[in-house]
Amino acid sequence: MRKRLRGIANFISQRLNSVRFRLTVWAVILLGLVLVAFSAFVYTTQLRTLRTNSILQLDSRMHQISSFYRLALLNYYVNGTIQLPSGITQNNFLIQENETLALIDSQGQEVQKLGNISDAEVKSLVQSFVSNNTNGHVNDIYFQMAIKGTSKGPAQTYLFVMTPIGFPGSDNAQGLLLFGMPFDPHGELNTLLLTLIIASSTILLGTMLGGYWLAGRVMRPVHIITRAAQQISETDLNQRLNLQTKDELGELANTFDRMLDRLQAAFDRQRQFTADASHELRTPLTIVNLEASRALERRRSSEDYVQSLSIIKSENEYMTSLVNDLLTLARMDAGQSQLRSEDLDLSDVTLDVVERLATIAHDKGVQLYTGELPEISMIGDRQFLGQMITNLVENAIKYSEGANKKVFVETGIHTNGKGQVGWVKVEDNGPGIPDEALPHLFDRFFRVDEVRSQNQSSDEGGDRPNGSGLGLSIVQWIAKAHGGEVSVSSEIGKGTTFTVSLPIPN
Ligand code: ADP
């Protein structure tokens, strides 16, 4: 039971935290605010209109009434007192039901009062008139006030207009005429308010349901992506989303698929690399094992032992160089090989390499010589560049080996569209590389079989290739790390030329 409750609580909290729910809530909140502001605007505008209309009506009524009273005052001012005709009553032609009227003389005394208003209320209105006209100018004033109910009518809000009125006779004294009409905008506006509330609620409810549905639809691809991502494991990178929509989510899914392509390619490369590396190591290890077993089988002559040990040593050297190359590449892949940039002369580095390899070339009967080596000042990693040129020259010696074979090394500078480029060229008149092998030359562990069979190691160790197939990968990595590139041209039977071009910063 408790488990179930927790399950339900989890489900609810997941829903509440979902983007879908939050999107909907935000849409509803924002729209709600807009609707409230809109309703408030409509309501106040309507209220103002009603008040303006009432004031206009009040003014026109007051105009009528005050003209009548001005006349009446002239006619009925007798002996210093006002005797208004008794004919003026509620509900006659002048004052209608619900309306109130009061005439105040210059002394502040009520001369006449009609309608549902008490003396105290008249007094307070007169006071507010006086306090609003302190600046000497005598104007009409409008005043809204709630009138208590009496026997003549129920309690109600009235809108009053007060206007000064001249009393004839002594020094043109000013009295005050006060006229009021019921004003109850809220009664009328209640219908409007109700309409606004019902309309807004309906719109909000519609937005909530529609928004939730729409957000669900929009988020569906995200769920697909999530599920697919959950299914992708290290061993199975084949899964793709293949989302066909053309919107942002389609773009995201597409980016995700392309990322998986790259990941899969990287994984495949890595797997291939490990498989190749193990394969490469297995052969020399087997040879070492066989050779050692053979030597230990029975007592042998010292020449036999020397031969066995030479083979073991040669295989060991091969493995050492292979492991070194593997380590270099692994570091390069992992981004751990940082270039230690310094000012250097590319020709200087080249010459160093040539001098170092001269003995090996001589031993193999290869003539190693240099052409022009002009000063090429650039910034680079001396050790890496040395290794790069060494690999190229070593290859040229290794694969050309034999009488009349020559390896020619030259450097120079040329200018291309982007600026100056320093180059190193290593040329041999060896067996050449077949055209179909050229595109794969820089792949890891790639070796040209034909070349290999012609040049199998004459070392004591015997029938194994000279190299691991990693040298040119390393050359390419170093060239690229310096912003440059390697190119190769070759002709079977004539020879091969490798050229490395490296940009020289201005
Ligand atoms: P390796 O360690 O086997 O030399 P590389 O990556 O340096 O590996 O070279 C890859 C292959 O390219 C070699 O196995 C060889 O067949 C071929 N190759 C490289 N340089 C030359 C060259 N100068 N002449 C002929 N073939 C070459």
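It should be emphasised that the depicted structure is a prediction, and the values quoted were computed from it without experimental measurement. Sequence positions are assigned chain by chain, starting from 1 and proceeding in written order. Two thresholds apply to this predicted model, a pLDDT of at least 70 for residue-level local features and 80 or more for giving and counting side-chain atom pairs, whereas whole-chain, interface and lining totals are computed over all residues. For side-chain calculations, the full set of non-hydrogen atoms in the structure is used, while hydrogens and water are omitted.

Mind showing me how you'd approach the sheet that holds strand β12 (residues 419-428) here?
What holds strands together in a sheet is hydrogen bonding between their backbones, with the strands either parallel or antiparallel. Between any two strands, pairing holds if DSSP finds at least two bridges. Each helix is a run of DSSP H or I of at least 4 residues and each strand a run of E of at least 2, with the numbering of both proceeding from the N terminus. In spatial order, the strands read β9-β11-β12-β14-β13; together these 5 strands make up an open sheet with mixed pairing. Edge positions in the sheet fall to β9 (366-370) and β13 (485-491), since each has one partner strand and no second. On average, adjacent strands in this sheet sit at an angle of 20° to one another, irrespective of strand direction. Where helix α7 (residues 346-363) meets the sheet, it contacts β9, β11 (405-416), β12 and β14 (495-504), and its direction lies at approximately 165° from that of β9. Working rule for contacts: check all heavy atoms of both residues, and any pair within 4.5 Å makes them a contact. Under this scheme, a helix contributes an axis fitted over its contacting stretch, all axes are lines through C-alpha atoms, and angles between N-to-C directions fall in the 0 to 180 degree range. Contacts between helix α10 (residues 471-481) and the sheet are confined to β13 and β14, with β13 contributing the most and set at about 140° to the helix.

What's the story with the packing of aromatic side chains in this structure? I'm lost.
A ring pair, where both rings are aromatic, is described by two values, the distance of the centres and the angle of the planes. Stacked, edge-to-face and tilted are the three classes for Phe, Tyr and Trp ring pairs, Trp counted by its six-membered ring, which pair at centre distances within 6.5 Å; planes under 30 degrees apart are stacked, over 60 edge-to-face, the rest tilted. Under the defined criterion, the tally for this structure stands at 6 aromatic pairs. When the ring of Phe68 is compared with that of Tyr69, the centres are 5.7 Å apart and the planes differ by 85°; the resulting orientation is edge-to-face. Burial classification: accessible surface area is computed with a 1.4 Å probe over protein chains only, and a residue below 20% of its type maximum counts as buried, one above 50% as exposed, and the rest as partly exposed. Classification of Phe68 as partly exposed rests on a relative accessible area of 25%. Taking 5.9 Å as the distance between ring centres and 20° as the angle between the ring planes, the aromatic pair formed by Tyr158 and Phe160 counts as stacked.

I tried to follow the site of the ligand on my own but got confused; where do I start?
Think of it this way: one heavy atom of a residue within 4 Å of a molecule or strand is enough to make that residue near it. In the vicinity of the ligand, 19 residues are found, and the nearest of them are Asn395, Tyr399, Asp428, Gly469 and Leu472. A distance of 2.6 Å separates an oxygen atom of the ligand from a polar side-chain atom of Tyr399. A distance of 3.0 Å is found between an oxygen atom of the ligand and a backbone nitrogen or oxygen belonging to Gly469. Out of a free accessible area of 530 Å², the ligand has 97% covered by protein chains. For the shell around the ligand, the secondary-structure elements that each account for two or more residues are α8 (382-400), α10 and β14. Looking at the shell around the ligand, the element that brings in the most residues is α8, giving 4 residues. Asp, Glu, Lys and Arg are counted as charged, while Ala, Val, Leu, Ile, Met, Phe, Trp, Tyr, Cys and Pro are counted as nonpolar; the rest, among them Gly, fall into the polar class. Grouping the constituent residues of the shell around the ligand by class yields 10 nonpolar, 6 polar and 3 charged. N or O atoms closer than or at 3.5 Å make up a polar contact, with two conditions inside protein: a donor-capable atom paired with an acceptor-capable one, and, for residues adjacent in sequence, both atoms drawn from side chains. Residue burial considers only the protein chains on display, and all accessible areas are found by Shrake-Rupley using a 1.4 Å probe.

I would appreciate a short explanation of the pattern of salt bridges in the present structure.
A side chain of one charge can pair with a side chain of the opposite charge when the charged atoms of the two come close. The rule for a salt bridge is simple: a side-chain nitrogen of Lys or Arg has to be within 4 Å of a carboxyl oxygen of Asp or Glu. Per the stated rule, a full pass over the model turns up 15 salt bridges. The salt bridge involving Glu99 is made with Arg61; its shortest N-O contact spans 2.7 Å. Of this pair, Glu99 sits in the loop between β2 (81-82) and β3 (100-104) while Arg61 sits in helix α2 (residues 19-76), placing them 38 residues apart in sequence. For Glu99, a relative accessible area of 7% puts it in the buried group. What makes Arg61 buried here is its relative accessible area of 11%. Across the salt bridge formed by Arg444 and Asp333, the nearest N and O atoms sit 2.8 Å from each other.

I would appreciate a short explanation of the layout of surface pockets in the present structure.
Rolled over the atoms, a probe sized like a water molecule indicates the empty space that remains. Here a cavity is any set of points on a 1 Å grid over the protein atoms alone where a 1.4 Å probe fits but cannot get out, and a pocket is any open set with protein on both sides within 12 Å along at least 5 of 7 lines; a residue lines the site when it has an atom within 4 Å of a point. Grid points are joined across faces, edges and corners, and a volume is the space filled by probe spheres set on the points. By volume, the second largest pocket is sized at about 390 Å³. Residue lining of the second largest pocket: 16 residues in total, with Arg269, Asp333, Phe442, Arg444 and Ser473 positioned closest to the centre. Of all the secondary-structure elements, those providing two or more residues to the lining of the second largest pocket are α5 (248-297), α6 (302-334) and α10. Here the residues of the lining of the second largest pocket are counted per class, giving 6 nonpolar, 4 polar and 6 charged. Segment limits for the domains were obtained from an automatic or database-derived domain assignment. The residue makeup of the lining of the second largest pocket includes at least three contributed by each of domain 2 (233-280) and domain 3 (339-503).

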